[in-house]
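Observations on the three-dimensional arrangement
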Amino acid sequence: MNRLDIAVLPGDGIGVEVTDATLAVLRHVTERHGIGMRFTTLKAGAFAYQETGEAMSEEVFERAAQADAILLGAMGWPGIRMADGTEIAPQLDLRFRLGLYAGVRPIRAIPGLATVLANPRAAEIDLVIIRESTEGLFYSRDKGVVTGGFAEEILRITRPTTERLARFSFELARQRKKPGGGVTLVDKANVFRAFAYMRSIFEEVAIENRDIAFGSHYVDAMALDFVRRPWDFDVLPTENMFGDILSDLGAGLIGGMGFAPSADIGDAHAVFQPSHGTAPDIAGKGIANPTAMILSGAMMLDWLAVTRDGGQACRDAAAEIRAAVDKAFGAGLRTPDIGGPAGTKAVTDAVIEHLK
Ligand code: ATP
Ligand code: MG
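Residues numbered from 1 in each chain as written. Chains lettered and ligands numbered in written order. Predicted model: local features only at pLDDT ≥ 70, side-chain atom pairs only at ≥ 80, totals over all residues. Heavy atoms only, no water.

The cut-off we apply is this: UniProt positions are given in the numbering used here, feature names are shortened, and annotations may be inferred rather than shown by experiment.
The name given to the protein chain in an unreviewed UniProt entry is 3-isopropylmalate dehydrogenase, with the source organism recorded as Rhodovarius crocodyli. Here is the UniProt Subunit (unreviewed entry) comment for the protein chain, exactly as written: "Homodimer." According to the UniProt record, the Sequence similarities (unreviewed entry) comment for the protein chain is "Belongs to the isocitrate and isopropylmalate dehydrogenases family. LeuB type 1 subfamily."

Shown next, in the form of C-alpha coordinates:
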(Lines give C-alpha, C1' and ligand atoms only; values in the text may rest on other atoms or scores of the structure.)
(Ligands and ions follow the chains in the order given, each with its own letter.)
Protein backbone atom coordinates (compact mmCIF):
# COMPACT_ATOMS: atom_id res chain seq x y z
CA MET A 1 0.00 0.00 0.00
CA ASN A 2 1.33 3.42 -0.92
CA ARG A 3 1.32 6.21 1.61
CA LEU A 4 -2.13 7.76 1.75
CA ASP A 5 -2.07 11.50 1.19
CA ILE A 6 -4.67 13.40 3.21
CA ALA A 7 -5.38 17.11 2.67
CA VAL A 8 -6.51 18.69 5.94
CA LEU A 9 -8.60 21.86 5.89
CA PRO A 10 -9.29 22.77 9.53
CA GLY A 11 -11.13 25.99 8.59
CA ASP A 12 -12.46 28.28 11.30
CA GLY A 13 -13.75 28.28 14.89
CA ILE A 14 -14.21 24.86 16.44
CA GLY A 15 -13.30 23.37 13.05
CA VAL A 16 -9.67 23.86 14.08
CA GLU A 17 -10.20 22.34 17.53
CA VAL A 18 -12.03 19.21 16.39
CA THR A 19 -9.50 18.75 13.56
CA ASP A 20 -6.63 18.65 16.07
CA ALA A 21 -8.53 16.05 18.10
CA THR A 22 -9.27 13.93 15.02
CA LEU A 23 -5.69 14.04 13.76
CA ALA A 24 -4.47 12.87 17.17
CA VAL A 25 -6.83 9.86 17.00
CA LEU A 26 -5.98 9.11 13.35
CA ARG A 27 -2.23 9.30 13.98
CA HIS A 28 -2.61 6.85 16.80
CA VAL A 29 -4.78 4.34 15.03
CA THR A 30 -2.94 4.40 11.69
CA GLU A 31 0.40 3.94 13.39
CA ARG A 32 -0.87 0.91 15.29
CA HIS A 33 -2.23 -0.64 12.09
CA GLY A 34 0.84 0.15 10.02
CA ILE A 35 -1.10 2.44 7.69
CA GLY A 36 1.13 5.04 6.08
CA MET A 37 -0.76 8.31 6.13
CA ARG A 38 0.56 11.78 5.49
CA PHE A 39 -1.43 14.86 6.53
CA THR A 40 -0.97 18.20 4.77
CA THR A 41 -2.71 21.13 6.44
CA LEU A 42 -4.08 23.77 4.08
CA LYS A 43 -5.56 27.18 4.72
CA ALA A 44 -9.13 27.99 3.69
CA GLY A 45 -12.21 29.56 5.24
CA ALA A 46 -13.36 32.89 6.64
CA PHE A 47 -10.12 33.90 8.32
CA ALA A 48 -8.15 32.86 5.25
CA TYR A 49 -10.45 35.16 3.27
CA GLN A 50 -9.84 38.03 5.68
CA GLU A 51 -6.09 37.52 5.43
CA THR A 52 -5.67 36.85 1.74
CA GLY A 53 -8.88 37.96 0.00
CA GLU A 54 -9.58 34.37 -1.04
CA ALA A 55 -11.66 31.84 0.93
CA MET A 56 -9.88 29.00 -0.86
CA SER A 57 -7.10 29.80 -3.30
CA GLU A 58 -6.82 27.89 -6.55
CA GLU A 59 -3.54 26.47 -5.27
CA VAL A 60 -5.22 25.08 -2.15
CA PHE A 61 -8.06 23.67 -4.23
CA GLU A 62 -5.63 21.95 -6.61
CA ARG A 63 -3.61 20.50 -3.76
CA ALA A 64 -6.78 19.19 -2.05
CA ALA A 65 -8.06 17.73 -5.31
CA GLN A 66 -4.77 15.81 -5.76
CA ALA A 67 -4.95 14.20 -2.31
CA ASP A 68 -6.38 10.73 -1.72
CA ALA A 69 -8.99 12.24 0.61
CA ILE A 70 -9.87 15.58 2.16
CA LEU A 71 -10.51 16.02 5.86
CA LEU A 72 -12.36 19.23 6.65
CA GLY A 73 -13.21 20.93 9.97
CA ALA A 74 -15.79 23.65 9.41
CA MET A 75 -15.77 27.04 7.69
CA GLY A 76 -17.43 30.43 8.07
CA TRP A 77 -17.57 33.17 10.66
CA PRO A 78 -20.18 35.77 11.66
CA GLY A 79 -19.43 39.15 10.15
CA ILE A 80 -16.98 37.82 7.55
CA ARG A 81 -18.70 37.65 4.20
CA MET A 82 -17.73 37.55 0.56
CA ALA A 83 -17.72 40.87 -1.26
CA ASP A 84 -21.17 40.04 -2.71
CA GLY A 85 -22.60 39.50 0.78
CA THR A 86 -22.88 35.71 0.59
CA GLU A 87 -21.47 33.39 3.23
CA ILE A 88 -17.93 32.10 3.10
CA ALA A 89 -18.47 28.49 2.10
CA PRO A 90 -15.54 26.94 0.21
CA GLN A 91 -16.83 23.55 1.38
CA LEU A 92 -19.78 24.07 -0.98
CA ASP A 93 -17.37 24.88 -3.81
CA LEU A 94 -15.58 21.60 -3.11
CA ARG A 95 -18.87 19.74 -3.41
CA PHE A 96 -19.74 21.32 -6.74
CA ARG A 97 -16.27 21.38 -8.30
CA LEU A 98 -15.35 17.82 -7.30
CA GLY A 99 -18.82 16.43 -8.09
CA LEU A 100 -19.45 15.14 -4.57
CA TYR A 101 -23.07 14.22 -5.14
CA ALA A 102 -23.60 11.90 -2.15
CA GLY A 103 -23.71 13.60 1.25
CA VAL A 104 -23.54 10.59 3.55
CA ARG A 105 -24.76 11.31 7.09
CA PRO A 106 -24.93 8.31 9.39
CA ILE A 107 -27.27 8.73 12.36
CA ARG A 108 -26.29 6.03 14.84
CA ALA A 109 -27.14 5.98 18.54
CA ILE A 110 -24.08 5.69 20.76
CA PRO A 111 -24.78 2.90 23.27
CA GLY A 112 -25.47 4.17 26.77
CA LEU A 113 -26.03 7.76 25.70
CA ALA A 114 -29.51 8.98 26.66
CA THR A 115 -31.43 10.56 23.78
CA VAL A 116 -34.45 12.84 23.60
CA LEU A 117 -36.64 9.81 22.85
CA ALA A 118 -37.92 7.97 25.90
CA ASN A 119 -38.60 4.80 23.88
CA PRO A 120 -35.89 2.20 24.67
CA ARG A 121 -35.73 1.34 20.97
CA ALA A 122 -33.98 4.69 20.48
CA ALA A 123 -30.78 2.80 21.30
CA GLU A 124 -31.29 0.91 18.00
CA ILE A 125 -31.24 4.02 15.82
CA ASP A 126 -28.89 3.28 12.92
CA LEU A 127 -29.74 4.94 9.63
CA VAL A 128 -27.89 6.84 6.93
CA ILE A 129 -29.22 9.94 5.22
CA ILE A 130 -27.82 10.40 1.73
CA ARG A 131 -28.19 14.03 0.89
CA GLU A 132 -27.80 14.74 -2.82
CA SER A 133 -25.28 17.55 -2.65
CA THR A 134 -24.83 19.12 -6.08
CA GLU A 135 -28.31 19.99 -7.30
CA GLY A 136 -31.82 20.04 -5.83
CA LEU A 137 -32.74 23.43 -4.40
CA PHE A 138 -29.12 24.27 -3.62
CA TYR A 139 -28.45 24.34 -7.35
CA SER A 140 -30.10 27.73 -7.08
CA ARG A 141 -27.36 29.12 -4.85
CA ASP A 142 -26.26 32.42 -6.46
CA LYS A 143 -28.96 32.03 -9.14
CA GLY A 144 -32.10 33.12 -7.31
CA VAL A 145 -33.92 36.16 -8.58
CA VAL A 146 -35.34 38.88 -6.37
CA THR A 147 -36.93 41.74 -8.23
CA GLY A 148 -39.96 44.00 -7.99
CA GLY A 149 -41.86 42.20 -5.24
CA PHE A 150 -41.02 38.80 -6.64
CA ALA A 151 -38.51 36.11 -5.70
CA GLU A 152 -37.83 32.78 -7.33
CA GLU A 153 -35.35 29.92 -6.92
CA ILE A 154 -34.68 26.83 -9.00
CA LEU A 155 -35.14 23.17 -7.99
CA ARG A 156 -33.01 21.03 -10.29
CA ILE A 157 -33.10 17.24 -10.59
CA THR A 158 -31.09 15.56 -13.34
CA ARG A 159 -31.15 11.97 -14.55
CA PRO A 160 -27.38 11.29 -14.38
CA THR A 161 -27.01 12.53 -10.82
CA THR A 162 -30.20 10.84 -9.66
CA GLU A 163 -29.13 7.52 -11.19
CA ARG A 164 -25.75 7.76 -9.50
CA LEU A 165 -27.39 8.68 -6.19
CA ALA A 166 -29.76 5.73 -6.50
CA ARG A 167 -26.98 3.26 -7.35
CA PHE A 168 -24.90 4.59 -4.47
CA SER A 169 -27.86 4.13 -2.10
CA PHE A 170 -28.55 0.54 -3.13
CA GLU A 171 -24.88 -0.36 -2.91
CA LEU A 172 -24.65 1.15 0.57
CA ALA A 173 -27.73 -0.77 1.73
CA ARG A 174 -26.15 -3.95 0.31
CA GLN A 175 -22.93 -3.34 2.25
CA ARG A 176 -24.73 -2.45 5.48
CA LYS A 177 -26.76 -5.68 5.52
CA LYS A 178 -29.14 -4.21 8.08
CA PRO A 179 -31.79 -6.81 8.97
CA GLY A 180 -35.11 -5.59 7.60
CA GLY A 181 -33.25 -2.67 5.97
CA GLY A 182 -33.31 -1.22 2.48
CA VAL A 183 -33.56 2.04 0.59
CA THR A 184 -36.31 4.58 1.29
CA LEU A 185 -36.36 7.61 -1.02
CA VAL A 186 -37.55 10.76 0.78
CA ASP A 187 -39.31 13.19 -1.55
CA LYS A 188 -42.41 15.28 -2.17
CA ALA A 189 -43.55 13.52 -5.34
CA ASN A 190 -47.20 14.30 -4.63
CA VAL A 191 -46.70 18.03 -5.20
CA PHE A 192 -43.67 18.61 -7.43
CA ARG A 193 -42.98 17.18 -10.88
CA ALA A 194 -39.24 17.29 -10.21
CA PHE A 195 -39.71 14.87 -7.32
CA ALA A 196 -42.04 12.60 -9.30
CA TYR A 197 -39.25 12.44 -11.91
CA MET A 198 -36.69 11.67 -9.22
CA ARG A 199 -38.92 8.89 -7.87
CA SER A 200 -39.41 7.34 -11.33
CA ILE A 201 -35.63 7.14 -11.79
CA PHE A 202 -35.21 5.50 -8.38
CA GLU A 203 -37.90 2.99 -9.30
CA GLU A 204 -35.98 2.09 -12.47
CA VAL A 205 -32.76 1.56 -10.54
CA ALA A 206 -34.66 -0.44 -7.90
CA ILE A 207 -35.58 -2.96 -10.60
CA GLU A 208 -31.86 -3.59 -11.22
CA ASN A 209 -31.41 -4.10 -7.47
CA ARG A 210 -34.17 -6.47 -6.53
CA ASP A 211 -32.15 -7.97 -3.68
CA ILE A 212 -32.61 -4.69 -1.76
CA ALA A 213 -36.00 -3.56 -0.43
CA PHE A 214 -37.11 -0.20 -1.85
CA GLY A 215 -39.81 2.24 -0.85
CA SER A 216 -40.48 5.96 -0.82
CA HIS A 217 -41.75 8.33 1.81
CA TYR A 218 -42.93 11.94 1.69
CA VAL A 219 -40.61 14.26 3.56
CA ASP A 220 -43.32 15.54 5.92
CA ALA A 221 -44.25 11.97 6.90
CA MET A 222 -40.57 11.22 7.34
CA ALA A 223 -40.18 14.15 9.74
CA LEU A 224 -42.91 12.56 11.84
CA ASP A 225 -41.39 9.09 11.61
CA PHE A 226 -37.94 10.39 12.54
CA VAL A 227 -39.42 11.10 15.94
CA ARG A 228 -41.90 8.21 16.09
CA ARG A 229 -39.93 5.21 14.76
CA PRO A 230 -36.46 6.17 13.45
CA TRP A 231 -35.12 2.67 14.29
CA ASP A 232 -37.15 1.25 11.37
CA PHE A 233 -35.07 3.00 8.67
CA ASP A 234 -31.82 2.15 6.95
CA VAL A 235 -30.65 4.11 3.88
CA LEU A 236 -32.52 7.35 3.13
CA PRO A 237 -31.51 9.14 -0.09
CA THR A 238 -33.08 12.55 -0.57
CA GLU A 239 -32.90 15.91 -2.29
CA ASN A 240 -30.30 18.45 -1.13
CA MET A 241 -32.49 20.78 0.96
CA PHE A 242 -34.53 17.96 2.52
CA GLY A 243 -31.27 16.24 3.40
CA ASP A 244 -29.95 19.41 4.99
CA ILE A 245 -32.98 19.63 7.26
CA LEU A 246 -33.36 15.92 8.05
CA SER A 247 -29.65 15.68 8.92
CA ASP A 248 -30.05 18.21 11.71
CA LEU A 249 -33.21 16.48 12.93
CA GLY A 250 -31.39 13.16 12.85
CA ALA A 251 -28.43 14.59 14.76
CA GLY A 252 -30.88 15.82 17.39
CA LEU A 253 -32.07 12.25 17.89
CA ILE A 254 -28.64 10.95 18.88
CA GLY A 255 -27.26 13.71 21.11
CA GLY A 256 -26.82 16.69 18.80
CA MET A 257 -24.47 18.04 16.13
CA GLY A 258 -21.43 17.04 18.14
CA PHE A 259 -22.18 13.36 17.39
CA ALA A 260 -23.08 13.56 13.68
CA PRO A 261 -20.32 12.68 11.18
CA SER A 262 -20.61 13.23 7.46
CA ALA A 263 -18.91 12.52 4.16
CA ASP A 264 -19.36 14.12 0.76
CA ILE A 265 -18.58 11.45 -1.79
CA GLY A 266 -18.22 11.53 -5.56
CA ASP A 267 -16.94 9.04 -8.12
CA ALA A 268 -13.29 10.09 -7.70
CA HIS A 269 -13.04 12.33 -4.62
CA ALA A 270 -14.41 12.61 -1.11
CA VAL A 271 -14.48 15.15 1.71
CA PHE A 272 -14.97 14.01 5.31
CA GLN A 273 -16.22 16.51 7.87
CA PRO A 274 -18.50 16.81 10.90
CA SER A 275 -22.09 17.81 10.13
CA HIS A 276 -21.79 20.87 12.34
CA GLY A 277 -20.46 24.35 11.61
CA THR A 278 -17.85 26.54 13.28
CA ALA A 279 -19.95 27.21 16.44
CA PRO A 280 -18.60 30.72 17.19
CA ASP A 281 -20.42 30.71 20.55
CA ILE A 282 -18.13 28.04 21.98
CA ALA A 283 -15.00 28.47 19.83
CA GLY A 284 -11.70 28.88 21.63
CA LYS A 285 -13.02 27.51 24.91
CA GLY A 286 -11.79 23.94 24.51
CA ILE A 287 -15.30 22.54 25.01
CA ALA A 288 -16.25 21.55 21.46
CA ASN A 289 -17.28 17.92 21.17
CA PRO A 290 -14.89 16.32 18.63
CA THR A 291 -16.86 13.05 18.35
CA ALA A 292 -18.59 13.97 15.07
CA MET A 293 -15.30 14.66 13.33
CA ILE A 294 -13.53 11.67 14.89
CA LEU A 295 -16.33 9.48 13.47
CA SER A 296 -15.90 11.25 10.11
CA GLY A 297 -12.26 10.18 10.28
CA ALA A 298 -13.46 6.59 10.65
CA MET A 299 -15.68 7.04 7.57
CA MET A 300 -12.61 8.28 5.69
CA LEU A 301 -10.69 5.12 6.59
CA ASP A 302 -13.60 2.97 5.37
CA TRP A 303 -13.70 4.86 2.08
CA LEU A 304 -9.93 4.63 1.60
CA ALA A 305 -10.19 0.87 2.19
CA VAL A 306 -12.41 0.53 -0.86
CA THR A 307 -11.25 3.25 -3.23
CA ARG A 308 -7.55 3.64 -2.52
CA ASP A 309 -6.34 0.18 -1.77
CA GLY A 310 -6.28 0.96 1.94
CA GLY A 311 -7.34 -2.65 2.50
CA GLN A 312 -8.34 -4.47 5.62
CA ALA A 313 -6.02 -2.41 7.82
CA CYS A 314 -8.06 0.72 7.09
CA ARG A 315 -11.30 -1.13 7.70
CA ASP A 316 -10.05 -2.45 11.02
CA ALA A 317 -8.82 0.99 12.04
CA ALA A 318 -12.22 2.50 11.26
CA ALA A 319 -14.05 -0.15 13.28
CA GLU A 320 -11.64 0.41 16.12
CA ILE A 321 -12.33 4.15 16.22
CA ARG A 322 -16.10 3.57 16.36
CA ALA A 323 -15.68 0.96 19.09
CA ALA A 324 -13.43 3.29 21.09
CA VAL A 325 -16.00 6.10 20.88
CA ASP A 326 -18.72 3.69 22.05
CA LYS A 327 -16.58 2.40 24.89
CA ALA A 328 -15.55 5.88 26.05
CA PHE A 329 -19.15 7.11 26.22
CA GLY A 330 -20.29 3.75 27.54
CA ALA A 331 -17.85 4.22 30.41
CA GLY A 332 -19.54 7.50 31.33
CA LEU A 333 -17.74 10.13 29.26
CA ARG A 334 -20.07 13.15 28.85
CA THR A 335 -19.44 16.34 26.87
CA PRO A 336 -20.79 19.84 27.64
CA ASP A 337 -23.26 19.72 24.71
CA ILE A 338 -25.04 16.89 26.55
CA GLY A 339 -24.60 18.39 30.00
CA GLY A 340 -21.27 16.81 30.97
CA PRO A 341 -17.83 18.17 31.87
CA ALA A 342 -15.53 16.54 29.27
CA GLY A 343 -13.91 19.09 26.94
CA THR A 344 -12.24 18.47 23.58
CA LYS A 345 -8.99 17.18 25.04
CA ALA A 346 -10.70 14.91 27.55
CA VAL A 347 -12.72 13.26 24.76
CA THR A 348 -9.62 12.88 22.58
CA ASP A 349 -7.67 11.26 25.42
CA ALA A 350 -10.57 8.97 26.34
CA VAL A 351 -11.03 7.78 22.75
CA ILE A 352 -7.29 7.15 22.31
CA GLU A 353 -7.23 5.28 25.60
CA HIS A 354 -10.04 2.98 24.43
CA LEU A 355 -8.51 2.23 21.03
CA LYS A 356 -7.93 -1.49 20.47
P1 ATP B 1 -23.73 25.92 9.61
O2 ATP B 1 -24.20 27.18 9.02
O3 ATP B 1 -22.33 25.57 9.21
O4 ATP B 1 -24.70 24.78 9.46
P5 ATP B 1 -24.84 26.51 12.13
O6 ATP B 1 -25.05 27.97 12.22
O7 ATP B 1 -25.98 25.64 11.79
O8 ATP B 1 -23.62 26.20 11.16
P9 ATP B 1 -23.36 24.98 14.00
O10 ATP B 1 -22.02 25.57 14.16
O11 ATP B 1 -23.49 23.76 13.20
O12 ATP B 1 -24.28 26.14 13.52
O13 ATP B 1 -23.94 24.62 15.41
C14 ATP B 1 -25.03 25.23 16.05
C15 ATP B 1 -24.74 25.23 17.54
O16 ATP B 1 -24.63 23.90 18.02
C17 ATP B 1 -23.42 25.87 17.86
O18 ATP B 1 -23.55 27.23 17.98
C19 ATP B 1 -23.01 25.18 19.13
O20 ATP B 1 -23.56 25.78 20.24
C21 ATP B 1 -23.56 23.78 18.95
N22 ATP B 1 -22.55 22.86 18.41
C23 ATP B 1 -22.32 22.56 17.12
N24 ATP B 1 -21.31 21.70 16.99
C25 ATP B 1 -20.88 21.43 18.24
C26 ATP B 1 -19.84 20.62 18.78
N27 ATP B 1 -19.03 19.87 18.01
N28 ATP B 1 -19.68 20.58 20.12
C29 ATP B 1 -20.48 21.31 20.91
N30 ATP B 1 -21.47 22.10 20.47
C31 ATP B 1 -21.67 22.17 19.14
MG1 MG C 1 -26.63 24.19 10.22
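**Remarks on the site of ligand 1**
Definition in use: Note on terminology: near, applied to a residue and a molecule or strand, indicates that one of the residue's heavy atoms is within 4 Å of it. Under this definition, polar contacts are N or O atom pairs within 3.5 Å; protein pairs additionally need one hydrogen-donor-capable and one acceptor-capable atom, and for neighbouring residues in sequence, both atoms have to be side-chain atoms. Throughout, the Shrake-Rupley method with a 1.4 Å probe supplies accessible areas, and for residues the shown protein chains are the sole cover considered. Each residue is assigned to one class: nonpolar for Ala, Val, Leu, Ile, Met, Phe, Trp, Tyr, Cys and Pro, charged for Asp, Glu, Lys and Arg, and polar for all the others, Gly among them.
Neighbouring residues of ligand 1: Ile 14, Met 257, Gly 258, His 276, Gly 277, Thr 278, Ala 279, Asp 281, Ile 282, Ala 288, Asn 289 and Asp 337. Contact between ligand 1 and Ala 279: an oxygen atom at 3.0 Å from a main-chain N or O atom of the residue. Summarising the interface, the protein chains cover 60% of the accessible area of ligand 1, which totals 620 Å² for the free molecule. In terms of residue class, the shell around ligand 1 is made up of 5 nonpolar, 5 polar and 2 charged.

**Some remarks on the packing of aromatic side chains**
The criterion, for reference: Only Phe, Tyr and Trp rings take part, Trp by its six-membered ring, and two of them pair if their centres are within 6.5 Å. Stacked means planes under 30 degrees apart, edge-to-face means over 60, and tilted covers everything else. A run of DSSP states H or I qualifies as a helix once it reaches four residues; a run of E qualifies as a strand once it reaches two. Both are numbered from the N-terminal end. Exposure is judged per residue with a 1.4 Å probe applied to protein chains only, and the accessible area is read against the type maximum: over 50% gives exposed, under 20% gives buried, and values in between give partly exposed.
Here the structure, examined in full by the defined rule, presents 8 aromatic pairs. Summarising the aromatic geometry, the rings of Phe 170 and Phe 214 are spaced 5.8 Å apart at their centres and angled 45° between planes, so their arrangement reads as tilted. Of this pair, Phe 170 sits in helix α5 (residues 159-176) while Phe 214 sits in strand β9 (residues 214-218), placing them 44 residues apart in sequence. Residue classification places Phe 170 among the buried positions, given a relative accessible area of 0%. Looking at Phe 214, the relative accessible area reads 26%, which means it is partly exposed. Summarising the aromatic geometry, the rings of Phe 202 and Phe 214 are spaced 6.2 Å apart at their centres and angled 15° between planes, so their arrangement reads as stacked. Here Phe 214 lies in strand β9 and Phe 202 lies in helix α6 (residues 193-207), a separation of 12 residues in the sequence. Phe 202 gets classed as buried once you look at its relative accessible area, which sits at 0%. Three or more aromatic residues joined by ring pairs make a cluster, and in this case those are Phe 170, Phe 202 and Phe 214.

**Observations regarding the packing of helix α1 (residues 14-32) against helix α11 (residues 344-353)**
Our working definition: Interaxial angle, 0 to 180 degrees, is taken between N-to-C directions of lines fitted to C-alpha atoms, where a helix line uses only the stretch in contact. Just so you know how the angles are binned, under 35 degrees is roughly parallel, over 145 roughly antiparallel, 65 to 115 roughly perpendicular, and the rest oblique. Handedness of a crossing follows from how the near helix is turned relative to the far one, being left-handed for an anticlockwise turn of less than a right angle and right-handed for a clockwise one. Contacts are assigned to residue pairs that have any heavy atoms within 4.5 Å of one another.
It is the contact of α1 with α11, at a shortest axis distance of 10 Å, that shows an interaxial angle of 15°. Between α1 and α11, the interaxial angle falls into the category roughly parallel. As α1 runs across α11, the sense of the crossing is right-handed. For the pair α1 and α11, contact is made by Glu 17, Ala 21, Ala 24, Val 25 and His 28 and by Thr 344, Thr 348, Val 351 and Ile 352, respectively. Of the residues contributing to the contact of α1 with α11, the split by class is 5 nonpolar, 3 polar and 1 charged.

**Quick word on the packing of helix α9 (residues 291-307) against helix α10 (residues 311-330)**
Where α9 meets α10, the axes come as close as 7 Å, and the angle between the chain directions of the two elements is 160°. Comparing their axes, α10 and α9 come out roughly antiparallel. The chirality of how α9 crosses α10 is left-handed. Counted together, Thr 291, Ile 294, Leu 295, Ala 298, Met 299, Leu 301, Asp 302, Leu 304, Ala 305 and Val 306 of α9 and Gly 311, Cys 314, Arg 315, Ala 317, Ala 318, Ile 321, Arg 322, Val 325 and Phe 329 of α10 form the full contact between these two elements. Residues of the contact of α9 with α10, tallied by class, amount to 14 nonpolar, 2 polar and 3 charged.

**Some words on unusual backbone geometry**
Here Asp 142, not a glycine, exhibits a phi torsion of approximately 70°, which is positive. With respect to the secondary-structure elements, Asp 142 resides in the loop between β5 (126-132) and β6 (145-147). A relative accessible area of 60% places Asp 142 in the exposed class. In the Ramachandran plot, Ala 279 falls in the positive-phi region, its phi being about 40° despite a non-glycine side chain. Relative to the elements of secondary structure, Ala 279 occurs in the loop between β12 (270-274) and α9.

**Here we look at the sheet that holds strand β2 (residues 37-41)**
Paired through backbone hydrogen bonds, the strands of a sheet run either parallel or antiparallel to each other. What counts is decided by this rule: At least two DSSP bridges between two strands are required for those strands to pair.
The 10 strands lie next to each other as β2-β1-β3-β12-β11-β4-β5-β10-β8-β9, forming an open sheet whose pairing is mixed. Each edge of the open sheet carries a strand with a single partner, namely β2 and β9. This sheet shows a mean twist of 25° between the axes of neighbouring strands, independent of strand direction. Note: strand β11 (residues 261-265) against β12, 5 bridges, orientation antiparallel. Its bridge partner being in β12, Ala 263 is matched across the sheet by Phe 272. In the packing of α5 onto the sheet, the strands contacted are β4 (102-108), β5, β8 (183-187), β9, β10 (235-238) and β11, and the crossing angle to β5 comes to about 165°.

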